[in-house]
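Structural overview
The lines below spell out each chain.
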Amino acid sequence: MADIVNGRENWGNRPGFVLAAIGSAVGLGNVWRFPYEAYSNGGSAFLIPYLVAMVVIGVPLLILEFSLGHLTQQAAPNAFKRVGQRWEFVGWWPILLSSIIVCYYAVVLAWCLNYLVFSFHNPLPWAQNSKEYFYNSYLQDSGSLSLVGLRRPIVVSLAVVWTAMYFCIFKGVKLVSKVVLWTVPIPWLMLLILMVRGITLDGAIQGLEYFLEPDWSQLKNPGVWLAAFGQVFFSLSLAFGIMITYASFLHRKSDLNNNALIIALADFGTSVIAGITVFATMGALAIKAGQPVHDVLAGSESVGLAFVAFPQALALLPLPNVFSIIFFIALLLLGIDSAFSITEAALASMVDKTGWKRRSILLVISLVGFAVGLLFTTHGGLHWLALIDAHVNQGFLGIIFVGFLECLVLGWVFDIKKLRRHTNQNSDWQVGIWWEWAVKLVIPLILLSLLSWNVYHQIKNQGGLIMNKQGELMGTNVLGLALLIIVFLAAIILGLWRPHKISQVTEFDS
Ligand code: PHE
């Protein structure tokens, strides 16, 4: 298969694209977010809203993004420009938001890399007290948003992460399709090893009961449904401009609908395996530490799970070094293809817009990403990370809003029938008229409810939009909102900017 089709580079083969999209979807969120969401929202009963969410918004949105990228053969901003000049910003907005995300996502990968190196030390340095080790010895957390001092080990490892990302994508998607042949299956294998070992430990059943015992009454709770929609949305990397961009490199004759389904199922399967692994292991930790499962699970979410709770379990169970190494390799590889998918989306958008050299733009992106990432390597870095993550992912004008707008623009302004015809043309199975209405009405309504719910909780938890709990006038919400407004304006400016040289744009062929 030719590398360049109609002047655009190409994945070369179907597994390349599918694996790259899976690589983007399957990330840290599957390990540190899904298990906790399931556990706090009804255990195995959560699988019902989750599967519904996958059918109602996950697969339809994936198909929407694939069809737009594939039809226009352009990364997100130019793809939206095809809808109308004024809509180009809808493509830039997620690119800018995810460019912020990649700056701290890379820092978390840098922590994983440091922890991977520490895993070779015997005994493991966090064996005594993983919490104390992570916050005080490793991060040297100041407990506030202060910007003093850089943590040298994190900075060094961040430079390694950005260099690795550079070399994964610098040659284009052809190389990406080779890289993902390793970065997708290896963490699966590692997770499987950790799962088998987890379920064979004493106490595993106890932990699994916590995870899987269904609490059907939770299905009446709208919050549980919204949690499922939110998790599917985040986990499938939707509305980040990534899937549009990845699909733009697909060969003209490519099945879109089936690929969307395969990717969603692979992502779901990984989450379930990760959930079983985490809870079986935490059950074993409870027995070993002589504590109730409930207590060892406290704080077992996100950073707390990956760097405190799970490492503690690894340290107390047999063969601590071996399994720590396996765990951190898994995290690192799970995360790196998600991180470089963001970089690739930003890179392809810039290349499509300006026609400038791919490698030069990538070098600039990597250097800027590294420089911004330094913010998160300071003693207050963890708090900056939490602040920015909360706003970009859940705040008003954040990613969910982008998804909402994307549906409205493609559903009502663009000819959605054309997208449906296009996606059905080469696909094994066809989406019906229901898909158009899902995009036009159902998904925007769900995303709007999710957004209102998140913003309401954010304001409630932090005690108001302007005044936070401590009564500080410059509340973190204001900081977060200001950031989002700046990003929004920047997206509009980028949309209006007409560089001298515009790359060649191929014609629609449907
Ligand atoms: N889908 C990734 C995860 O589950 C998160 C992510 C979102 C990564 C968007 C890249 C872009 O971890």
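Residues numbered from 1 in each chain as written. Predicted model: local features only at pLDDT ≥ 70, side-chain atom pairs only at ≥ 80, totals over all residues. Heavy atoms only, no water.

As a matter of local geometry, the ligand sits amid 14 residues, with Ala 25, Gly 29, Phe 234, Ser 235 and Ser 237 nearest to it. Measuring from an oxygen atom of the ligand, one finds a backbone N or O atom of Gly 29 at 2.8 Å. Here Ser 237 contributes a side-chain N or O atom positioned 3.2 Å from a nitrogen atom of the ligand. Computed on the free molecule, the ligand has an accessible area of 320 Å², of which 99% lies beneath the protein chains in the complex. Contributions of two or more residues to the shell around the ligand are made by α1 (14-25), α2 (28-32), α12 (222-235) and α17 (320-354). For the shell around the ligand, the leading source of residues is α2, giving 3 residues. Here the residues of the shell around the ligand are counted per class, giving 7 nonpolar, 7 polar and no charged. (Near = heavy atom within 4 Å. Polar contact = N/O pair within 3.5 Å; in protein donor to acceptor, adjacent residues only side chain to side chain. Areas by Shrake-Rupley, 256 points an atom, 1.4 Å probe, with all protein chains shown as cover. Helix = DSSP H or I, 4+ residues; strand = E, 2+ residues; numbered from the N terminus. Nonpolar A, V, L, I, M, F, W, Y, C, P; charged D, E, K, R; others polar.)

The next subject is the environment of Trp 111. With respect to the helices and strands, Trp 111 occurs in helix α6 (residues 88-118). Under the relative-accessibility criterion, Trp 111 is labelled buried at 0%. Taking the C-alpha atoms as reference, Trp 111 lies 8.6 Å from Phe 307; in sequence the two are 196 residues apart. (Buried < 20%, exposed > 50% of the residue type's maximum accessible area, 1.4 Å probe, protein only.)

Applying the stated criterion across every chain, the model contains 44 aromatic pairs. Pairing Tyr 104 with Phe 376 gives two aromatic rings, centres 5.8 Å apart and planes at 70°, and the pair type is edge-to-face. Residue Tyr 104 is found in helix α6, and its partner Phe 376 is found in the loop between α18 (358-373) and α19 (381-394); the two are separated by 272 residues along the sequence. Here Phe 134 and Phe 307 contribute two aromatic rings whose centre-to-centre distance is 5.2 Å and whose plane-to-plane angle is 10°, an arrangement assigned as stacked. With a gap of 173 residues between them, Phe 134 in helix α7 (residues 130-138) and Phe 307 in helix α16 (residues 302-316) connect regions that are remote in the sequence. Taking relative accessible area as the criterion, Phe 134 reaches 0% and is therefore assigned buried. The exposure class of Phe 307 is buried, given its relative accessible area of 0%. Among the aromatic residues, those joined into a ring-pair cluster are Trp 111, Tyr 115, Phe 118, Trp 126, Tyr 133, Phe 134, Tyr 135, Tyr 138, Phe 307, Phe 310, Phe 327 and Phe 328. (Phe/Tyr/Trp six-rings, centres within 6.5 Å; stacked < 30°, edge-to-face > 60°.)

Pro 123 follows Asn 122 through a cis peptide bond whose omega is 0°. Mapped onto the secondary structure, Pro 123 falls in the loop between α6 and α7. Positive phi outside glycine occurs at Ser 302, with the angle close to 40°. Structurally, Ser 302 is set in helix α16. A residue is classified by how much of its surface remains accessible, and Ser 302, at 26% relative accessible area, is partly exposed. The residue Leu 319 is not glycine, and still its phi comes out positive at about 50°. With respect to the helices and strands, Leu 319 occurs in the loop between α16 and α17. Accessibility expressed as a relative area gives 54% for Leu 319, which makes it exposed.

Mean pLDDT over the protein works out to 92, with 94% of the residues at or above the 70 mark. Within the protein, strand β1 (residues 4-5) has the poorest average pLDDT of any element, 57, and helix α8 (residues 152-169) the best, 98. Under a pLDDT of 50 for its full length, residues 464-474 has, in the predicted model, 20 contacts with residues more than four places off or in other chains. Segment residues 503-510: pLDDT under 50, and 23 contacts once partners within four positions in sequence are set aside and those in other chains are kept. (pLDDT = per-residue confidence, 0-100. Contact = heavy atoms within 4.5 Å.)

Following the sequence through the fold, Thr 277 ends up in helix α14 (residues 257-289). Once residues within four sequence positions are removed from consideration, Thr 277 is found in contact with Leu 191, Leu 194, Met 195 and Phe 310.

Checked against the element boundaries, Ser 300 lands in the loop between α15 (293-297) and α16. Once you skip the residues sitting within four places of it in the chain, Ser 300 turns out to touch Tyr 36, Met 282, Leu 305 and Ala 309.

A word on the nonpolar core. The biggest cluster of nonpolar side chains holds 185 residues, and the ones touching the most others in it are Trp 93, Trp 111, Phe 307 and Phe 340. By residue number, the principal contributor to this core is α6, which donates 23 residues. In this structure, Trp 93 is in contact with Leu 397, Phe 401, Val 402, Leu 405, Val 487, Phe 488 and Ala 491, ignoring residues within four places of it in sequence. (Core = buried A, V, L, I, M, F, W, Y, C linked by side-chain atoms within 4.5 Å.)

On to the environment of Pro 444. Mapped onto the secondary structure, Pro 444 falls in helix α22 (residues 433-461). The buried category is assigned to Pro 444, whose relative accessible area is 4%. As a C-alpha pair, Pro 444 and Gly 403 span 41 residues in sequence and 7.7 Å in three-dimensional space. Those residues in contact with Pro 444 that sit more than four places away from it in its chain are Phe 404, Cys 407, Leu 408, Ala 438 and Val 439.

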